[in-house]
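Each chain, letter by letter, is given below.
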Amino acid sequence: MDPHQPTSRIVLPPGGWASIVDFLCERFPAVDREAWIERMERGAVTADGVEVHRLAPYRPGAVVTYRREVPDEPRIPFEETILHIDDDLVVVDKPHFLPVMPAGRYVEETLSVRLVRRLDNPDLVALHRLDRATAGLVVFSARPSSRDGYTRLFRDRAIEKTYEAVAAPMPGRTEDDFPFVHESRLEPGEPFFRMREVEGAANARTRIDVIERGAQHWLYRLQPVTGRKHQLRVHMAALGAPIAGDPLYPVLREEAAGFTDPLRLLARELRFVDPLTGTERVFRSERHLDL
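Thresholds, definitions, all that
- Residues numbered from 1 in each chain as written.
- Predicted model: local features only at pLDDT ≥ 70, side-chain atom pairs only at ≥ 80, totals over all residues.
- Heavy atoms only, no water.
- Phe/Tyr/Trp six-rings, centres within 6.5 Å; stacked < 30°, edge-to-face > 60°.
- Buried < 20%, exposed > 50% of the residue type's maximum accessible area, 1.4 Å probe, protein only.
- Helix = DSSP H or I, 4+ residues; strand = E, 2+ residues; numbered from the N terminus.
- Pairing = 2+ DSSP bridges.
- Contact = heavy atoms within 4.5 Å.
- Salt bridge = Lys/Arg side-chain N within 4 Å of Asp/Glu carboxyl O.
- Core = buried A, V, L, I, M, F, W, Y, C linked by side-chain atoms within 4.5 Å.

How should I be thinking about the packing of aromatic side chains in this particular structure?
When we look at a pair of aromatic rings, we describe it by the centre distance and by the angle of the planes. Tallied over the full model, the rule gives 14 aromatic pairs. An angle of 45 degrees between the planes, with centres 6.0 Å apart, marks the rings of Phe28 and Trp36 as tilted. What makes Phe28 partly exposed here is its relative accessible area of 24%. Overall, Trp36 belongs to the buried group, its relative accessible area being 1%. Between Trp36 and Tyr66, the aromatic rings sit 5.5 Å apart at their centres with planes inclined by 85 degrees, giving edge-to-face as the arrangement. Pair noted here: Trp36 is in helix 2 (residues 33–41) and Tyr66 is in strand 4 (residues 63–67), with a separation of 30 residues, a long-range link. Assigned by exposure class, Trp36 and Tyr66 land together as buried. In textbook terms, an aromatic cluster arises when at least three aromatic residues are bridged by ring pairs, as seen for Phe178, Phe180, Trp218 and Tyr220.

Set out below in C-alpha cells:
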C-alpha cells in the first residue's frame, strides 16, 4: 500500500460476519460491495499488513487498513506556503477553504495529504487544527522522535496564538474599551457542529483588540486564552460583530459557491519556547486580510 495514500484503520470486533468484505459493507453502507471488492483487487485493503482477498474470512482482532477514497473530490484552487522546515517541524501558511485533515468529502485536497506527498514524508502529523474556513499557520511534527515535546506545548497551552479578523464595528464599544477579555461558557449547539454560549462557569476566554478601523469593518486582533471549538467565531458573533464571511455564526447559512466569500479569519502568529533548544520561536503568516 502506498505510504503516501491517506488511510484509515479499524480493529475487527467480535461478530459473526463470514468475510471481511461482509463486515465492511455493513459498517460502511455508503460504500457498496462492488467498490470494496474493486479496492481489494487493487491492494487497497489489508488485514494485519497482508492484502485482503474478496473471500478473506472474518478474524476478530485483525487490524484492517484501507485507503480513503472520495469519488469526484472537488479541487481546491489555492496553494499552501511552507514558511519553515527543519528535522522536527514544518510550519505552513494554509489558504482559506483547505481542510487540515481528511474528513467528509475531502481526502486528497487536504493540507496533510498535500504535504506528505510534497515532502515525501509519511511521518508528518499536524500538531493542531484550523477550521477549513480559516487561513494561516499550521505546525506539523516531522518525525516521531521529537513529537511528544511539541505536542505537550499545544496540550498545555504553552503557545501564544494571535489571530486577525475582519468584522463589523463592535456595538457599544468605544476606543477606550479596547483591549478587553471576553469570557463565557461554550457548549455544543444545534446542529451538532455549531457551538453556543450558555449560562455557567466560563470555559472560553478571548482577548480582543482593534488594529484598524474602517467605515464598514474593523480589523481585530484576537488572542484565545483557551482553545474551544469555534471560540473566536462564537465570541465575536455574541459581541455583535460576527466575522465577515462566516456561514455558521450568528446564523447558519449556505456557504457561497465558488470559493468567493472566505471567512475573514487568519491565524497570524505563533510564539513559543522550543522544548528541544529552549529558544523562543516566532512564526508569522504572510497572508493579509483587507478591510
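Quick question: what am I supposed to make of the pairing of strand 9 (residues 160–167) here?
Successive residues of a regular strand alternate their side chains across the two faces of the sheet. Of all 8 residues that make up strand 9, 6 are buried, and the element is covered over most of its length. One ladder, built from 6 bridges, connects strand 9 with strand 14 (residues 265–273); its direction is antiparallel. Each bridged residue has a counterpart across the sheet, and for Glu160 the counterpart in strand 14 is Arg271.

Explain unusual backbone geometry here, please?
Phi is mostly negative for residues that are not glycine, and the peptide bonds are mostly trans. Residue Pro179 is reached from Phe178 by a cis peptide bond, and omega for that bond is -5 degrees. You can see Pro179 is positioned in the loop between strand 9 and strand 10 (180–188). For the peptide bond that leads from Tyr249 to Pro250, omega is 5 degrees, which places it in the cis range. The topology assignment puts Pro250 in the loop between helix 5 (231–238) and strand 14. Non-glycine residue His230 carries a positive phi angle of around 60 degrees. Assignment of secondary structure puts His230 in the loop between strand 13 (218–224) and helix 5. When its relative accessible area of 11% is taken as the criterion, His230 is described as buried.

When you look at helix 1 (residues 20–27) in this model, what are you seeing that I'm missing?
What sets the pattern is the α-helix's 3.6 residues per turn: residues three or four places apart point alike. Of the residues making up helix 1, those classed as buried are Ile20, Val21, Phe23, Leu24 and Cys25. Buried residues along helix 1 sit against strand 1 (7–11), helix 2, strand 2 (45–47) and strand 4.

I'm lost on the pattern of salt bridges in this one. Help?
Opposite charge on two side chains permits pairing when their charged atoms draw close. In total, this model carries 27 salt bridges according to the counting rule given. Note that Arg287 and Asp93 form a salt bridge whose closest N and O atoms lie 3.6 Å from each other. One end of the pair, Arg287, is in the segment after strand 15 (280–284); the other, Asp93, is in strand 6 (residues 89–94), with 194 residues separating them in the sequence. The residue Asp209 makes a salt bridge to Arg221 at a minimum N-O spacing of 3.9 Å. With Asp209 in strand 12 (residues 204–213) and Arg221 in strand 13, this residue pair connects regions lying 12 residues apart in the sequence. The structure contains a network of salt bridges with shared partners spanning Arg75, Glu79, Glu80, Glu109, Arg114 and Arg118.

What's the story with the nonpolar core in this structure? I'm lost.
Here is a general trend for soluble globular proteins: nonpolar side chains tend to be buried in one another's company. Grouped together as the largest cluster of nonpolar side chains are 35 residues, with contacts concentrated most on Phe140, Met170, Ile208, Tyr220, Leu222 and Met236. Going through the elements one at a time, strand 6, helix 3 (111–119), strand 8 (135–141), strand 9, strand 12, strand 13, helix 5 and strand 14 are the ones with two or more residues in this core. Every residue in contact with Phe140, bar those within four places of it in the chain, is listed here: Asp88, Leu89, Val90, Val92, Val100, Leu111, Ser112, Leu115, Leu124, Val125, Ala126 and Leu127. Residues Ile20, Leu24, Ala56 and Tyr58 belong to the second largest nonpolar core, which totals 19 residues.

Help me understand the pairing of strand 4 in this model?
Buried residues dominate strand 4, accounting for 4 of its 5 residues. Both strand 1 and strand 4 contribute to a ladder of 5 bridges, which runs antiparallel. For Val11, the partnering residue across the bridge sits in strand 4 and is Val63. Relative to strand 4, strand 2 runs antiparallel, the two sharing 3 bridges. Looking across to strand 4, one finds that Val45 is bridged to Tyr66.

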